[in-house]
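These are the residues of each chain, in order.
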Amino acid sequence: MKSCLAILSAAMLLWPPAHLNTILAQRLPAGEFHSTRERAIDLLHYSADLKLNIAEKSVSGAAEVVFHPLRRADAISLDAIRLNIEAVQLKREEGAAELSFAPRGNSLLISLDRVYSPPDTLALLIRYSARPNAGMYFQTDPDHPERTWVYTYGEGGLHANWLPIYNDVNDKFSSEMRIAAPLPYTVISNGTLLGVETGGEGQRTFHWKQSLPHSNYLIALYAGEFEKGELPPAFGDIPLACWVPKGRLAEGAYAFRNTTRMVEFFSQRFDYRYPWEKYDQVAVPDYSIGAMEHTSVTGHRASVLRDASAPEDFGGPDFDYYYNVWTAEGTISHELAHHWFGDNATCKNLGSIWMNESFATYLQFLWDEESLGRETLLLDCQTALDRYLEYVEKERLIRPLEYHYFDKTSDIYNEEHTYLKGAIVLHCLRRVLGDEPFFKACSYFLRRGEFSNVDSRDFAAAIEAVTGRNLDWFFEDWIYGAGHPVFEISYSYLQDRQLLALKVKQVQPMVEGQGLFTLPVDVTLVTAGKTERRTFWVDEAAAEFFIECEQKPLMVSFDGAGNLVAEIRFEKSLEELAYQIAHDEFAGRIRAMREAARRFPGHPRTLAALSGVLSASAFWALKAEAALLLGQIRTSEAGKVMAKALQQPDYRVRKAAALGLAQFPPQFAAPLLKNLLERDSHSDVAAAALKALAKNRPAGAAPLIRKHINRSAWYREITIAGLEAFGEIGDAALAAEIRPYAGENYHQDIRIAALNAWKSCAPADPALHATLVDFAANAPYEVKLEAIQLLGQLRVRGGEAILKQIGEESGDVNFRVEAKKALQAIERAR
Ligand SMILES: [Zn+2]
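No experiment lies behind these values; they were computed from the predicted model shown. (Residues numbered from 1 in each chain as written. Predicted model: local features only at pLDDT ≥ 70, side-chain atom pairs only at ≥ 80, totals over all residues. Heavy atoms only, no water.)

Looking only at helices and strands, the protein features 26 helices and 30 strands. In terms of C-alpha radius of gyration, the protein reaches 28 Å, essentially the compact-globule figure of 28 Å for 830 residues. Taken over the C-alpha atoms alone, the protein extends approximately 95 × 65 × 60 Å along its principal axes. Relative to its 830 residues, the protein shows a buried fraction of 61%. Considering only contacts within the protein whose residues lie at least 6 apart along the sequence, 70% involve residues at least 24 apart. On the protein, roughly 31400 Å² of surface is accessible, and the fraction owed to carbon and sulfur atoms is 49%. Across the protein, 88 positive and 107 negative side-chain charges occur, with their mean positions spaced 4 Å apart. (Helix = DSSP H or I, 4+ residues; strand = E, 2+ residues; numbered from the N terminus. Rg over C-alpha atoms; globule rule 2.2 N^0.38 Å. Buried < 20%, exposed > 50% of the residue type's maximum accessible area, 1.4 Å probe, protein only. Contact = heavy atoms within 4.5 Å. Areas by Shrake-Rupley, 256 points an atom, 1.4 Å probe, with all protein chains shown as cover. Lys, Arg positive; Asp, Glu negative; His and termini not counted. Charge placed at Lys NZ, Arg CZ, Asp CG, Glu CD.)

Right, let's talk about the packing of aromatic side chains for a bit. Tallying each qualifying case throughout the model produces 44 aromatic pairs. Both rings, one in Tyr 491 and one in Phe 570, keep their centres 6.0 Å apart while their planes meet at 90 degrees; by these two values the pair is edge-to-face. Highlighted residues: Tyr 491 in strand S24 (residues 486-494) and Phe 570 in strand S30 (residues 567-570), separated in sequence by 79 residues. With relative accessibility at 22%, the residue Tyr 491 sits in the partly exposed group. On the accessibility criterion, Phe 570 (8% relative accessible area) is buried. The ring of Phe 570 has Lys 572 sitting right over it, with the charged end atom 4.3 Å from the ring centre. (Phe/Tyr/Trp six-rings, centres within 6.5 Å; stacked < 30°, edge-to-face > 60°. Lys NZ or Arg CZ within 6 Å of the ring centre and 35° of its normal.)

Glancing now at empty space enclosed by the protein. For the structure on display, the rule yields one cavity of 30 Å³ or more. Estimated volume of the largest cavity: approximately 90 Å³. Per-element tally for the lining of the largest cavity: the top contributor is helix H16 (residues 651-661), with three residues. Residue composition of the lining of the largest cavity, by class: four nonpolar, two polar and five charged. (1 Å grid on protein atoms, 1.4 Å probe; cavity = no way out; pocket = protein on both sides within 12 Å on 5 of 7 lines; lining within 4 Å. Points joined across faces, edges and corners; volume = space filled by probe spheres on them. Nonpolar A, V, L, I, M, F, W, Y, C, P; charged D, E, K, R; others polar.)

Turning our attention to helix H7 (residues 415-433). Here H7 contains 19 residues, and its C-alpha end-to-end distance of 26 Å stays within 8% of the 27 Å for a straight helix at 1.5 Å per residue. At Lys 421, H7 is bent by approximately 30 degrees, the largest bend along its length. Counted residue by residue, H7 has 16 buried out of 19 residues, so it is predominantly covered. For H7, the side-chain oxygen to backbone nitrogen distance between the N-cap and Glu 416 is 3.3 Å, and the N-cap itself is Asn 414. In the segment just after H7, Gly 434 is the residue with positive phi, at about 95 degrees. (Expected span 1.5 Å × (residues − 1). Bend = angle between axes of the 7 residues up to and from the residue. Polar contact = N/O pair within 3.5 Å; in protein donor to acceptor, adjacent residues only side chain to side chain.)

The next thing to look at is the coordination of the zinc ion. Donor atoms from the polypeptide that coordinate the zinc ion comprise His 334 (NE2), His 338 (NE2) and Glu 357 (OE), at 2.0 to 2.1 Å from the metal. Sequence spacing among the residues donating to the zinc ion works out to H-x3-H-x18-E. Taken together, the positions of His 338 in the loop between helix H3 (328-337) and strand S22 (345-347) and Glu 357 in helix H4 (residues 354-372) put the pair 19 residues apart, joining distant regions of the chain. For Glu 357, a relative accessible area of 2% corresponds to the buried category. (Donors = N, O, S within 2.8 Å, 3.2 Å for Na, K, Ca; no water.)

The next thing to look at is the sheet that holds strand S26 (residues 519-527). Here we have three strands laid out as an open sheet, ordered S27-S26-S29, and antiparallel in their pairing. Edge positions in the open sheet fall to strand S27 (530-538) and strand S29 (555-558), since each of these has one partner strand only. Shown here is a sheet whose adjacent strand axes are inclined to one another by a mean of 20 degrees, direction ignored. Where S26 meets S27, nine bridges bridge the pair, whose relative direction is antiparallel. Each bridged residue has a counterpart across the sheet, and for Asp 522 the counterpart in S27 is Thr 535. Along the sheet, helix H11 (residues 574-583) makes contact with S26 and S29, crossing S29 at roughly 65 degrees. (Pairing = 2+ DSSP bridges. Axes fitted to C-alpha atoms, helices over the stretch in contact; angles between N-to-C directions.)

Here the focus is the sheet that holds strand S7 (residues 101-104). If you trace the three strands from one edge of the open sheet to the other, you get S4-S8-S7, paired in antiparallel fashion. In this open sheet, the two strands that pair with only one neighbour each are strand S4 (73-79) and S7. The average angle at which neighbouring strand axes cross in this sheet is 30 degrees, direction not considered. Across four bridges, S7 lies against strand S8 (residues 107-116) in antiparallel orientation. Residue Phe 101 lies in a different strand from S8, and its bridge partner there is Ile 110.

Attention now moves to the pattern of salt bridges. Taken as a whole and assessed by the stated rule, the structure comprises 49 salt bridges. Between Lys 572 and Glu 576 there is a salt bridge; the shortest N-O distance is 3.5 Å. With a relative accessible area of 5%, Glu 576 lands in the buried category. For the salt bridge of Asp 680 with Arg 654, the shortest nitrogen-to-oxygen distance reads 2.6 Å. Of the two residues, Asp 680 sits in the loop between helix H17 (666-679) and helix H18 (683-696) while Arg 654 sits in helix H16, which places them 26 residues apart along the sequence. What makes Asp 680 buried here is its relative accessible area of 13%. (Salt bridge = Lys/Arg side-chain N within 4 Å of Asp/Glu carboxyl O.)

Per the domain assignment, the segments making up the protein are domain 1 (1-26 + 487-569), domain 2 (41-224) and domain 3 (228-482). For domain 2 versus domain 3, the distance between C-alpha centres works out to 28 Å. Across the boundary between the two partners, domain 2 contributes 33 residues, which contact 38 residues of domain 3. Linking domain 2 with domain 3 are zero salt bridges, by the criterion used here. At the surface where domain 2 touches domain 3, the tally comes to 20 residue pairs in polar contact (both at pLDDT 80 or more). Within the residue set of the side of domain 2 that touches domain 3, elements represented by two or more residues are strand S11 (148-152), strand S13 (186-189) and strand S15 (203-214). Ranked by residue count, the leading element in the side of domain 2 that touches domain 3 is S15, at seven residues. Taken together, the residues that form the side of domain 2 that touches domain 3 break down as 14 nonpolar, 13 polar and six charged. (Domains from an automatic or database assignment.)

For the pair H11 and helix H12 (residues 586-599), the least separation of the axes is 8 Å and the interaxial angle reads 145 degrees. Of the two elements, H11 crosses H12, and the hand of that crossing is left-handed. Contact with H11, carried on its side by Leu 574, Leu 577, Gln 580, Ile 581 and Ala 582, involves Gly 588, Arg 589, Ala 592, Met 593, Glu 595, Ala 596 and Arg 599 of H12 and no other residues of that element. Taken together, the residues of the contact of H11 with H12 break down into seven nonpolar, two polar and three charged. (Left-handed = near helix turned anticlockwise from the far one by under 90°.)

This next bit is on the packing of helix H20 (residues 717-729) against helix H22 (residues 748-761). Helix packing geometry: the angle between the two helix axes and the distance between the axes. The contact between H20 and H22 brings their axes to 8 Å, and the two run at 15 degrees. With respect to each other, H20 and H22 are oriented roughly parallel. Our pair here, H20 against H22, has a crossing hand that is left-handed. From H20, Thr 719, Ile 720, Leu 723, Phe 726 and Gly 727 reach across to H22, where they touch Asp 749, Ile 750, Ala 753, Ala 754, Ala 757, Ser 760 and Cys 761. Looking at the contact of H20 with H22, its residues break down into eight nonpolar, three polar and one charged. (Parallel < 35°, antiparallel > 145°, perpendicular 65-115°, else oblique.)

As structure tokens, this is what we get:
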């Protein structure tokens, strides 16, 4: 049932939907159906006793698996990908029994000595070795080639590449790692460090044990030359630490300085104390995935390490936007948030992965709200909405948050849907329920789902149990349904009747997965001396609402607070837009600025409104948006206003000004960008200016790039910008200068920037093709993935053999699918 939150002062009129084919249609992605995997055993405890052979990039030893059979069985199967199994024993009081076994594809079939039934507890000891090509990574440090870093990553079933195990998410067990590594390696894993034994041959064995149950993909192993930095314990007794490469403790202390407060904040916000034994954060050079929330020990790429002078970007620096929700702090809070949502209550299958990722992303927004203020939460929501809408427009794909069709796991971990849209859907749900009921329902859901597996139905049931609300309609539209509403809004003021008639249409395409949406919408009406807020329920293709209003309004704002996941098209007079730019809430102000710049670019009133934002004591992101929009206007008058943006104390506004200046005529912009490059105190602004210069005046940019490309900066971000700038120029003669940066003595983001710049400048260069073949065979995770994709994009025939091999042999489905796609692209071009 839909309830009405506000009493309307007049009747509602309806129109037939006559305009629904005006927007290019979207579709649901195809893929193989995945549901919750059936289990034959219930793992109780898993322990591995392994030796790391660093030079051979291999492991050897034994795993002990303690389990109940879930049905009568005389054989069991474990996941095991390219493991060399030597022996399997059944541990018994009367002595171990040797069992026969056989590999079956990516499984290990073990024959038991008799039939066992559900009450029985069995312990198997499996001796094996492995040289994994996925799941466990041995990686050379680009800055210190003598150092190797070992880390593991298990999402998508990768741990079966180095452990014989049940490798889906829907089984929880305690785990234990006894890992031997040569001096000076330190090994870090889940839970508590029970001891370190020094053995012969310069080996040390680290014994870690996690007592609370978790899913296999959350098992962690990190080995390297780490230094440990203690952080203040949360609540005085939860141990917190960071582990960083030797010599980088000060940067670790700075990067992770707020972790204690975060642990306490999430514990209090969800009325659920951090449950795990400890919390470690590990920073590893060229870590493959941005960061990974292994239970009680999160892995980060070393770019998280920084001091106060560094920009806030987390992974690779970004020179296309002035803000990205993946700040270092945002990523740190996201991974910690998983220790409630994901590591504790875990999705039942990857089709419900939003239960892990959308929650963790929204919790990171909540930490921003707590630590930086409500405006940063609203900025996070707006940024998430912008990126999601850009994705849908570009890819024409829409995807329900709960969705079971995919070929590779990176599809279901789609950032724009699973992380960003999911987070703002939760923000919308918070508006629908109200703060207190929303957080109470989340807390109840956590308690019901603790140390077990959950799906969307469990969350809906928790909401119903706590609040009494039946939100089937919300889940139908936002969890099981795809897409978003596109609202076309208009209004007229009926002077004689003192009524405002507000027309609301939903004009999104009616396609499979996306229909009409049901939503409460907040409308703010401002007249001279009076501000009124009304809430209307929208659930039809078109409706008209009448609101009593004594005077013609100065502003009618539709969802000015930005609670909706929607596109809002609301054409207004410039006069009203100018008022809205100065007076509405954050989302309304952003939308009004964009609308004014789009429809009235040359008008002095538009410039006056943007100039007003830059002069006022406004939130920095409003100023940054104003600076960026000046780049759309590009007139000399806009250039004068840009001077204000260039003098802003917040570096992010100056960065936005650099992005905006790239659009101006070169004779105006180039000297200003050169000035930012050479004199700005912040490396992020200088780097953005370097790339903007190449976009703005490619002809004159190369000497400046050469002069600055090796300038020292956090994560060598000016080098990355310089390579991207070379790519903007696209001149074949630059290939020789770009090529060295693809080498292994540079970190992965420099190497990827170099490969792309090289491709832009000399796509047919045989040396580039040979390099891509080489990197597809052997390079750090992300460089390898980039090389595979570029081989396909460039139709490199010499890449066919390696792509075929990866497509058949990689233990990582993402590599297999990407290699097959690349191979098909090459074959099609024959
Ligand atoms: Zn996550």
